[in-house]
Amino acid sequence: MASSNLHPHLVYADAQGNIYDHPDLLLLCRRGDEWAIPRPDELMPLPDESEFFLLPGRHAVGLDPETGEAEQLEELAVAAFAAPGHTLTAHPVYVTDPDAPRLPLFAYGAVGFANNRFYVCARKVDSDPRQVFKGIAQHKIRREAERLIAAYPDNRLFQHLMQNCVLRYACPAARNLCLGRYEAPLPVSHVCNARCMGCISHQDKASGICSAPQSRLTFTPTADEVLEVMRHHARNEVEKPIFSFGQGCEGEPLTEAPLLIEVVRRFRAEGGRGTVNLNSNASRPDAVIALAEAGLTSLRASLNSARPEVYERYYRPSGYSLDDVRTSMTEASRRGVHVAINLLYFPGITDTEEEMEALCELIVSCGVHMVQLRNLNIDPEWYPEILKGIPFGPSAGLANFKKRLSGARPGLEFGYFNPWIAD
């Protein structure tokens, strides 16, 4: 619970990676270009299964409460990666050296220390425990992955999900498939029709990012391979199975639209139950319509903004536009598909008046049912640079952002994960 008397101290790190709290300086946070102390309603204890990041070439900055001035340290800045289900409300404040490397593609939350614990600028937006693995022994997950590798030796998709996603990257979605629970990932595409600045599976050499956090799928699975994964998951998760095309280790699944349509039709024809979901850039309305008619349950369309210029600067679409995305959402909603926005939230930009107004209009016009408040994984100084020249007003904060959207469309759902939709 937030407290108006809570004033966390600055957290910083030495060159050896040891983390300290400053005895005098207070935590400052960044929302776009604005530096400020955290709002009382945006601080929360750092959730379990969160991580710390040391920020190379970036000097920690705190607030001197006596002078009211920001003070720079020689030591490194520290950020927190909040556990899934939490949305960041602010980024850390620091001063960057001219030769500092661009930060890898993660979400960097402002973190401080008070009352013998760490606090982060974030809010819990989804209580679903599907990506909580506390209490599950790692050797159990490894054992199950190895069992599935042996059980499906000729299924390339199973091999990819177990060997690459579970054993190499510890992907939460793949680990859940391994454990027979919640949502099964179904990557199908190794190409994409967008060149997102923050793509986590492929980066242009010119991006300045040393590497992508994940390696992309290198093959196109057959319908039989995908269906085999779906049938396996349906036998294990019998209460609320979710099957999701569109994962972090692939490109855009709609580039394999005929495959998706065949899989969904065959799965439904053989009596397949559960939520069949598509995580997508929603770039191909005709394919989305065909999938809806084949038995798709839900569509999660990825957006950073409902303003065309902001959208195009980040996604850099090829052969489609934001208008196509809007059409896909509208047509899916008309056909009874649950439509969610995978909103890549960035404090100080997404929660500005210009962005909120455009997003409210899109949500109402396109029949959107849900907004998933996902963190935009990107260097906090790079994203404003990408959008340079586009006007943004002051930050309203996450709480006010949600109120604004709810007012535009009463009953709008908020969350972080793809929901199970009853058959």
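**Q** Just to check I follow, could you spell out the overall build of the chain for this structure?
**A** Summing up its helical and strand segments, the chain has 11 helices and 19 strands in all. Computed over the C-alpha atoms, the radius of gyration of the chain is 22 Å, within 12% of the 22 Å expected from 2.2 N^0.38 for a compact globule of 423 residues. In terms of overall dimensions, the chain has a C-alpha envelope of 70 × 50 × 40 Å along the principal axes. Counting every position in the chain, which comprises 423 residues, the buried fraction comes to 58%.

**Q** I tried to follow the nonpolar core on my own but got confused; where do I start?
**A** Nonpolar side chains tend toward joint burial in soluble globular proteins. Met162, Phe245 and Met329 are the most contacted members of the largest nonpolar core, which has 95 residues in total. When near neighbours in sequence (up to four residues on either side) are disregarded, phenylalanine 245 contacts Leu186, Val188, Val226, Glu250, Pro253, Leu260, Val263, Val264, Val276, Asn277, Leu278 and Asn279. Of all hydrophobic cores here, the second largest spans 13 residues; its members include Ala80, Leu88, Phe113 and Val120.

**Q** So what exactly am I meant to see when it comes to the sheet that holds strand β4 (residues 34-36) here?
**A** Sheets are built from strands paired through backbone hydrogen bonds, the pairs being either parallel or antiparallel. The strand order across the open sheet built from three strands is β4-β3-β9, with neighbouring strands paired in antiparallel fashion. In this open sheet, the two strands that pair with only one neighbour each are β4 and β9 (91-92).

**Q** What's the story with helix α8 (residues 322-334) in this structure? I'm lost.
**A** In an α-helix, one full turn covers 3.6 residues, which means residues spaced three or four apart are oriented alike. A rise of 1.5 Å per residue sets the reference length of α8, with its 13 residues, at 18 Å; its end C-alpha atoms lie 19 Å apart and thus fit the reference within 8%. For α8, every residue scored as buried is listed here: Leu322, Val325, Arg326, Ser328, Met329, Thr330, Glu331, Ala332 and Ser333. Where α8 is buried, its residues meet α6 (285-294), β16 (298-303), α7 (308-315), β17 (338-345) and α9 (353-366). One or two residues past the end of α8 sits glycine 336, with phi positive at roughly 85°.

**Q** What am I meant to see in a nonpolar patch on the surface here?
**A** Taken together, the side chains of Ile19, Phe52 and Leu54 define a hydrophobic patch exposed on the protein surface, amounting to about 200 Å² of accessible area. With respect to the helices and strands, phenylalanine 52 occurs in strand β6 (residues 51-64). The class of phenylalanine 52 is partly exposed, set by a relative accessible area of 31%.

**Q** Is there a simple way to explain the side chain of glutamate 331 in this structure?
**A** Along the chain, glutamate 331 turns up in helix α8. A polar atom in the side chain of glutamate 331 sits 3.0 Å from the side chain of arginine 334.

**Q** Could you clarify how one ought to interpret the pairing of strand β14 (residues 242-245) in this entry?
**A** If a strand is regular, its side chains alternate between the two faces of the sheet. Neither face of β14 is exposed, since Ile242 and Ser244 on one face and Phe243 and Phe245 on the opposite face are all buried. Bridge count between strand β13 (residues 183-186) and β14: four bridges; the pairing is parallel. In the sheet register, proline 185 faces β14, and the bridge partner there is serine 244. Direction of pairing for β14 relative to strand β15 (residues 275-280): parallel, over a ladder of four bridges. Residue pairing for β15: phenylalanine 245 is matched across the bridge by leucine 278. Regarding topology, helix α5 (residues 257-269) serves as the crossover connection from β14 to the parallel β15, and that connection is right-handed.

**Q** How should I be thinking about the pattern of salt bridges in this particular structure?
**A** Opposite charge on two side chains makes pairing possible when the charged atoms of those side chains draw close. The tally for this structure, following the rule as stated, stands at 20 salt bridges. For glutamate 293, the salt bridge identified is with arginine 335, shortest N-O distance 3.5 Å. One end of the pair, glutamate 293, is in helix α6; the other, arginine 335, is in the loop between α8 and β17, and 42 residues separate them in sequence. Residue class for glutamate 293 comes out exposed when judged on its relative accessible area of 60%. Here arginine 335 falls in the partly exposed class, since its relative accessible area comes to 35%. Between arginine 404 and glutamate 353 there is a salt bridge whose closest N-O contact spans 2.8 Å. Of this pair, arginine 404 sits in helix α11 (residues 398-408) while glutamate 353 sits in helix α9, placing them 51 residues apart in sequence. Classification of arginine 404 as partly exposed rests on a relative accessible area of 30%.

**Q** Got a minute to help me understand helix α1 (residues 138-151) in this structure?
**A** Compared with an ideal rise of 1.5 Å per residue, which puts 14 residues at 20 Å, α1 spans 20 Å between its outermost C-alpha atoms and is within 8% of the ideal. All of the buried residues along α1 are Ile141, Glu144, Ala145, Leu148 and Ile149. Looking down the long axis of α1, one finds its buried residues gathered within 140° of arc, a one-sided arrangement. With respect to the buried face of α1, the exposed residues turned more than 90 degrees away are His139 and Ala150. Where α1 is buried, its residues meet α2 (156-166), α3 (172-179) and α4 (223-236).

**Q** What is the right way to read the packing of aromatic side chains from this model?
**A** In this description, a pair of aromatic rings is defined by centroid distance and the angle of the planes. Enumeration over the complete set of coordinates arrives at 15 aromatic pairs. Where phenylalanine 52 meets phenylalanine 118, the ring centres are 4.8 Å apart and the plane angle is 65°; that geometry is what we call edge-to-face. In this pair, phenylalanine 52 is assigned in strand β6 and phenylalanine 118 in strand β12 (residues 117-124), connecting sequence segments 66 residues apart. When its relative accessible area of 26% is taken as the criterion, phenylalanine 118 is described as partly exposed. Put simply, the rings of Tyr311, Tyr314, Tyr315, Phe346 and Tyr383 pair up and form one aromatic cluster. In this structure, arginine 374 is placed above the aromatic ring of tyrosine 416, and the distance from its NZ or CZ to the ring centre is 4.2 Å. One Lys or Arg, lysine 402, reaches over the ring of phenylalanine 414 and ends 5.4 Å from the middle of that ring.

**Q** Quick question: what am I supposed to make of the sheet that holds strand β18 (residues 370-375) here?
**A** Strands sit in the order β13-β14-β15-β16-β17-β18-β19 across an open sheet of seven strands; the sheet is parallel. On the outer flanks of this sheet lie β13 and β19 (413-415), each paired with one strand and no other. Averaged over all adjacent pairs, the angle separating strand axes in this sheet is 25°, with direction ignored. The pairing of β18 with β19 spans three bridges and is parallel. Across the sheet, residue valine 371 finds its bridge partner in β19, namely phenylalanine 414. Where α7 meets the sheet, it contacts β16 and β17, and its direction lies at approximately 90° from that of β16.

Reading the values: rules and limits
Residues numbered from 1 in each chain as written. Predicted model: local features only at pLDDT ≥ 70, side-chain atom pairs only at ≥ 80, totals over all residues. Heavy atoms only, no water. Helix = DSSP H or I, 4+ residues; strand = E, 2+ residues; numbered from the N terminus. Rg over C-alpha atoms; globule rule 2.2 N^0.38 Å. Buried < 20%, exposed > 50% of the residue type's maximum accessible area, 1.4 Å probe, protein only. Core = buried A, V, L, I, M, F, W, Y, C linked by side-chain atoms within 4.5 Å. Contact = heavy atoms within 4.5 Å. Pairing = 2+ DSSP bridges. Expected span 1.5 Å × (residues − 1). Patch = residues over 30% accessible without salt bridge, like charges linked within 9 Å, V, L, I, M, F, W, Y side chains within 5 Å. Areas by Shrake-Rupley, 256 points an atom, 1.4 Å probe, with all protein chains shown as cover. Salt bridge = Lys/Arg side-chain N within 4 Å of Asp/Glu carboxyl O. Polar contact = N/O pair within 3.5 Å; in protein donor to acceptor, adjacent residues only side chain to side chain. Right-handed = clockwise from strand over helix to strand, strands pointing away. Arc of directions from axis to C-beta. Phe/Tyr/Trp six-rings, centres within 6.5 Å; stacked < 30°, edge-to-face > 60°. Lys NZ or Arg CZ within 6 Å of the ring centre and 35° of its normal. Axes fitted to C-alpha atoms, helices over the stretch in contact; angles between N-to-C directions.

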